[in-house]
Amino acid sequence: MYRCQNCGYASIKWLGRCPQCGQWESLVEAQRDTPSTPQALAQIPLEETVRRPTQLAEFDRVLGGGLIPGSVILVGGEPGIGKSTLALQLAARLAQDAPVLYISGEESPGQIKLRAQRLQIEDAPIFIVHEQNLAAIRDHIRKTAASAVIVDSIQTVLPDGSAGLGTTYQVGQATFELSQLARAQKIPILLIGHVTKAGEFAGPKAIEHLVDVALYIEGGRDSDVRIVRAVKNRFGSTEEIGVFQMTEGGLVEIANPSQFFTERSGPVPPGSVIVPTVEGTRPILVEIQALVAFTRSTFPQRRATGLDLNRVALLVAVIEKHLGAQLSTEDIYVNVAGGLALRETALDLGIVAALVSSFKEKPIDSQTVVVGEVGLLGEVRRVRKLRERLSEAARLGYTRAVIPAGERVELREIELCPVGTLAQAMEALGI
Ligand code: TYD
Ligand code: MG
């Protein structure tokens, strides 16, 4: 039996190209399935999943509490984003309980030692080996009796009989075999995957379906903020994010993101507004900044950083229609301060407020937060988790909130201004 590692197609003879998904060299010999027996649902014993916390709270939050033995966790990201740094920091934390094996196909042990020194973990009980051959890797994992394994990166693992590195077949087969090993040894294996310029091909996307948890490290080019986000999690939610800052001494957890993302000094200029957003279950305050400036160009600029440009364009149209502002001769730039990327309609009212504030050159009170979805008719609509958002704003000392009308929230610490329309919202903000 041969099975396609890309789509699962089964064939009795080997084929160079999978007839189902068109992938080249994706068929590998598979063991003939042992006959299966259906089990009554009620009779299946509940398996207890024991999570092993990594002690890196922001990372554990994304995992859903910790690593599960026998599972495979993919950590993807662009070159230079900090995957090896995070992996080595994790290795050091996990090594506090039992030895950890770090397999590097890219860097020499000497290079890893240097990084460890920078991270001040050079004495951690981690075993380092430079190895690309899967058979040898398998051997090392068994012989070191490692309690956790890091493979940096999956693109450098050469499975038996593979023609070379950098093919979808290679990463797929290597992932498949390592996940079988993880299960057999009952240890977590962390795979690092480079997001390649070419996109999907032979990158982490190609193996997401083969792993238990797929995480990505994101970050702006001009920002030292790093967000760890799950796109797949067999053992938890994919909603939570972990927030880190890349420093001289490695990745540091940002325990109070709201404070981090809203640090402003001096008088607040027009175009700035604080919005309580929600990532997963966690409310985070962010600053939205807008710059609206007159232009003689026939094609005014429309730019958004960290926000959906289409959404911004829609909100600009709503402003023109319902607030009577003429924006077609204005360049428009909007961003989220601090390098976060957000996609939440609850930000709408904040984006509108920032745009109008800049356009009219009237600042928004620095102690006020703004939240609400904006509809096409210029109405302000309700958002989820309003109470959590407002509590977070109160916790950080904000005293006033412009919110959608019709919500039943009572908070003593913060003055609430319910608004039903954009016009009412702008009035409440005095802009
Ligand atoms: P690295 O983890 O090697 O990235 P990846 O494995 O994703 O390719 O590190 C990326 C960058 O981080 C590198 O340019 C150096 C920087 N860095 C720090 O700023 N502080 C540190 O403590 C370390 C180890 C790296
Ligand atoms: Mg690396």
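Nothing here was measured: the structure is a model prediction, and the numbers come from that model.

J.: Could you give me a rundown of the overall build of the protein chain, with the residues and numbers involved?
T.: A tally of regular secondary structure across the protein chain gives 10 helices and 21 strands. With the C-alpha coordinates of the protein chain rotated into their principal frame, the extents come out at 70 × 55 × 50 Å. Scored against the burial criterion, the 431 residues of the protein chain give a buried share of 50%. Of the contacts formed within the protein chain by residues at least 6 apart in sequence, a portion of 65% connects residues at least 24 apart.

J.: Can you tell me about the sheet that holds strand S11 (residues 241–247), naming the residues and giving the values?
T.: Here we have 9 strands laid out as an open sheet, ordered S6-S5-S7-S8-S4-S9-S10-S11-S12, and mixed in their pairing. Only two strands of the sheet have a single neighbouring strand rather than two, namely strand S6 (126–130) and strand S12 (250–253). Strand-to-strand twist of the sheet, defined as the mean angle between neighbouring strand axes without regard to direction, takes the value 25°. Pairing between strand S5 (residues 100–104) and S6: 5 bridges, direction parallel. Considered in S6, the bridge of leucine 101 is made with phenylalanine 127.

J.: Pulling in residues and values, what's your account of the site of ligand 1?
T.: In the vicinity of ligand 1, 16 residues are found, and the nearest of them are Gly80, Lys83, Thr85, Thr247 and Gly250. In the environment of ligand 1, an oxygen atom lies 2.8 Å from a nitrogen or oxygen atom belonging to the backbone of lysine 83. In the model, an oxygen atom of ligand 1 is placed 3.1 Å from a nitrogen or oxygen of the glutamate 248 main chain. Expressed as a share of its isolated accessible area of 560 Å², the protein-covered part of ligand 1 is 75%. Mapped onto the shell around ligand 1, the elements with two or more residues apiece are helix H2 (83–94), helix H3 (109–118) and S11.

J.: Help me get a handle on the nonpolar core, residues and values and all.
T.: The biggest cluster of nonpolar side chains holds 47 residues, and the ones touching the most others in it are Val334, Leu349, Ile351, Leu355, Val402 and Met426. Per-element tally for this core: the top contributor is helix H8 (residues 348–360), with 7 residues. Beyond its immediate stretch of four places on either side in the chain, leucine 355 contacts Ala290, Val292, Val316, Ile319, Ile332 and Val334. Val62, Leu119, Ile150 and Ile192 belong to the second largest nonpolar core, which has 34 residues in total.

J.: Describe the pattern of salt bridges, listing the residues and the values that go with them.
T.: Applying the stated criterion to the full structure yields 18 salt bridges. Measuring nitrogen to oxygen at the nearest pair gives 2.4 Å for the salt bridge that ties arginine 138 to glutamate 177. A residue pair is termed long-range when its members are at least 10 positions apart, and arginine 138 in helix H4 (residues 134–144) and glutamate 177 in helix H5 (residues 168–185) qualify at 39 residues. Between aspartate 212 and arginine 234 there is a salt bridge, and its shortest N-O distance comes to 2.6 Å. With aspartate 212 in the loop between strand S8 (189–194) and strand S9 (213–218) and arginine 234 in the loop between strand S10 (225–233) and S11, this pair connects stretches of sequence that are 22 residues apart.

J.: Pulling in residues and values, what's your account of unusual backbone geometry?
T.: Cis geometry is found at the peptide bond from aspartate 152 to serine 153, where omega equals 5°. Here serine 153 shows up in the loop between strand S7 (148–152) and H5. In this structure, glutamate 25 is a non-glycine residue whose phi angle is positive, near 50°. Locating glutamate 25 in the fold gives a position in the loop between strand S2 (10–11) and strand S3 (27–29).

J.: Please give an account of the packing of aromatic side chains that cites residues and values.
T.: To describe a pair of aromatic rings, one takes the distance between the centres and the angle between the planes. Applying the stated criterion across every chain yields a total of 1 aromatic pair. Judged by centre distance (5.1 Å) and plane angle (85°), the rings of phenylalanine 260 and phenylalanine 261 are edge-to-face. We classify phenylalanine 260 as partly exposed; its relative accessible area is 27%.

J.: I'd like a rundown of H2, residues and numbers included.
T.: Here H2 is 12 residues long and its end C-alpha atoms lie 16 Å apart, about the 16 Å a rise of 1.5 Å per residue gives. Among the 12 residues in H2, 11 count as buried, and that is most of the element. Among all positions of H2, only Lys83, Ser84, Thr85, Leu86, Ala87, Leu88, Gln89, Leu90, Ala91, Ala92 and Leu94 are buried.

J.: Residues and numbers for the side chain of glutamate 107, please.
T.: If you trace the backbone, glutamate 107 turns up in the loop between S5 and H3. Of note is the side chain of glutamate 107, whose polar atom sits 2.7 Å from the side chain of arginine 115. Apart from the residues lying within four places of it in its own chain, the contact partners of glutamate 107 are Ser84, Ile112, Arg115, His130 and Asp152.

J.: Can you explain the sheet that holds S2? Please cite residues and give values.
T.: Judged by pairing direction, the sheet is antiparallel, and its 3 strands sit side by side in the order S2-S1-S3 without closing on themselves. For this open sheet the edge positions go to S2 and S3, each flanked by a neighbour on one side alone. Sheet topology note: the strand S1 (residues 2–4)/S3 ladder contains 3 bridges and is antiparallel. For arginine 3, the partnering residue across the bridge sits in S3 and is valine 28.

J.: Got a sec to walk through the pairing of S9? Specific residues and values, please.
T.: Within S9, 5 of the 6 residues are buried, which leaves the element mostly enclosed by the surrounding structure. Two elements, strand S4 (residues 72–77) and S9, share 4 bridges in a ladder whose sense is parallel. Counted as the bridge partner of leucine 74 is alanine 214 from S9. Bridge count for S9 against S10 is 6 bridges, and the pairing is antiparallel.

J.: Please provide a residue-by-residue account of the environment of glycine 219, values included.
T.: Within the fold, glycine 219 resides in the loop between S9 and S10. The spatial distance from the C-alpha of glycine 219 to the C-alpha of glycine 339 is 7.0 Å, given a sequence separation of 120 residues. Here glycine 219 is in contact with Ile81, Val225 and Arg226, once residues within four sequence places are set aside.

Procedures and definitions
Residues numbered from 1 in each chain as written. Chains lettered and ligands numbered in written order. Predicted model: local features only at pLDDT ≥ 70, side-chain atom pairs only at ≥ 80, totals over all residues. Heavy atoms only, no water. Helix = DSSP H or I, 4+ residues; strand = E, 2+ residues; numbered from the N terminus. Buried < 20%, exposed > 50% of the residue type's maximum accessible area, 1.4 Å probe, protein only. Contact = heavy atoms within 4.5 Å. Pairing = 2+ DSSP bridges. Axes fitted to C-alpha atoms, helices over the stretch in contact; angles between N-to-C directions. Near = heavy atom within 4 Å. Polar contact = N/O pair within 3.5 Å; in protein donor to acceptor, adjacent residues only side chain to side chain. Areas by Shrake-Rupley, 256 points an atom, 1.4 Å probe, with all protein chains shown as cover. Core = buried A, V, L, I, M, F, W, Y, C linked by side-chain atoms within 4.5 Å. Salt bridge = Lys/Arg side-chain N within 4 Å of Asp/Glu carboxyl O. Phe/Tyr/Trp six-rings, centres within 6.5 Å; stacked < 30°, edge-to-face > 60°. Expected span 1.5 Å × (residues − 1).

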